[in-house]
Amino acid sequence: MSDSNNRISAMILAGGRAQRMGGVDKGLVTLHNKPLIEHVLDRLPATLTRLYINANRSHSAYQEFGFSLIRDELTDYQGPLAGIASGLAVCTTPWLLVVPCDTPLLPRDLVERLLTAAIEQQANIAVAHDGQRLQPVVALIKHDLADSLDQYLAGGDRKIDLWYKQQSMTQVDFSDQPDAFLNINSLQDMSALERSSDA
């Protein structure tokens, strides 16, 4: 799928409150002397059409990474679907890859495997599964679903799994790389990963 990346934009979700991290902006917390979001950026193919950062604060800090910033259209931190909706609204490619800012060990073949599965299964959403559970904020989403998501949010729903179930969705098995979806939710998580040599 050598030409696949010109069909895909990516968005890193960094728009949450990070309450379990004491409210600090998770994407900017440093791991091995680099902000978490920079670890995520390093895991994404350089050949993607465009990359966005979804952020609702710390805009000047995120602008330094040189990518387009997207704020949630919905106010008051209404969850990952709000960020995804804002990304789909500006995305100009057929697909939007969505990943969180706190997963520094993402698979390097993430894009290829999600797109391959979506095409083979004729699905509009391909979501990573680590062998134990679904990773709903690691997904490849068809741009055509923008209106569907807007309508879902307008109805007051915010549950990402429920919206996925309403679409043509496939789960993509990443059980060969279960640690790739480790996400940093607390300072304890950060300390544990700092002590490892994986990141």
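Residues numbered from 1 in each chain as written. Predicted model: local features only at pLDDT ≥ 70, side-chain atom pairs only at ≥ 80, totals over all residues. Heavy atoms only, no water.

Draft legend 1. Structural detail: the environment of Ala-85. Position of Ala-85 among the secondary structure elements: in helix 3 (residues 80-90). The class for Ala-85 is buried, based on a relative accessible area of 11%. Filtering out sequence-adjacent residues up to four positions away, Ala-85 remains in contact with Leu-149, Asp-150 and Leu-153. (Helix = DSSP H or I, 4+ residues; strand = E, 2+ residues; numbered from the N terminus. Buried < 20%, exposed > 50% of the residue type's maximum accessible area, 1.4 Å probe, protein only. Contact = heavy atoms within 4.5 Å.)

Draft legend 2. Quick peek at the nonpolar core. Judged by nonpolar contacts, the single largest core of 32 residues is most densely connected at Ile-8, Ile-12, Leu-97, Val-99, Leu-110, Leu-114 and Leu-140. For this core, the secondary structure elements donating two or more residues are strand 1 (8-14), helix 1 (36-43), strand 4 (50-55), strand 6 (95-100), helix 4 (110-121), strand 7 (125-129) and strand 8 (134-142). The element contributing the most residues to this core is helix 4, with 6 residues. Setting aside its immediate chain neighbours within four residues, Leu-114 contacts Leu-97, Ala-126, Val-127, Ala-128, Ala-139, Leu-140, Val-172 and Phe-174. (Core = buried A, V, L, I, M, F, W, Y, C linked by side-chain atoms within 4.5 Å.)

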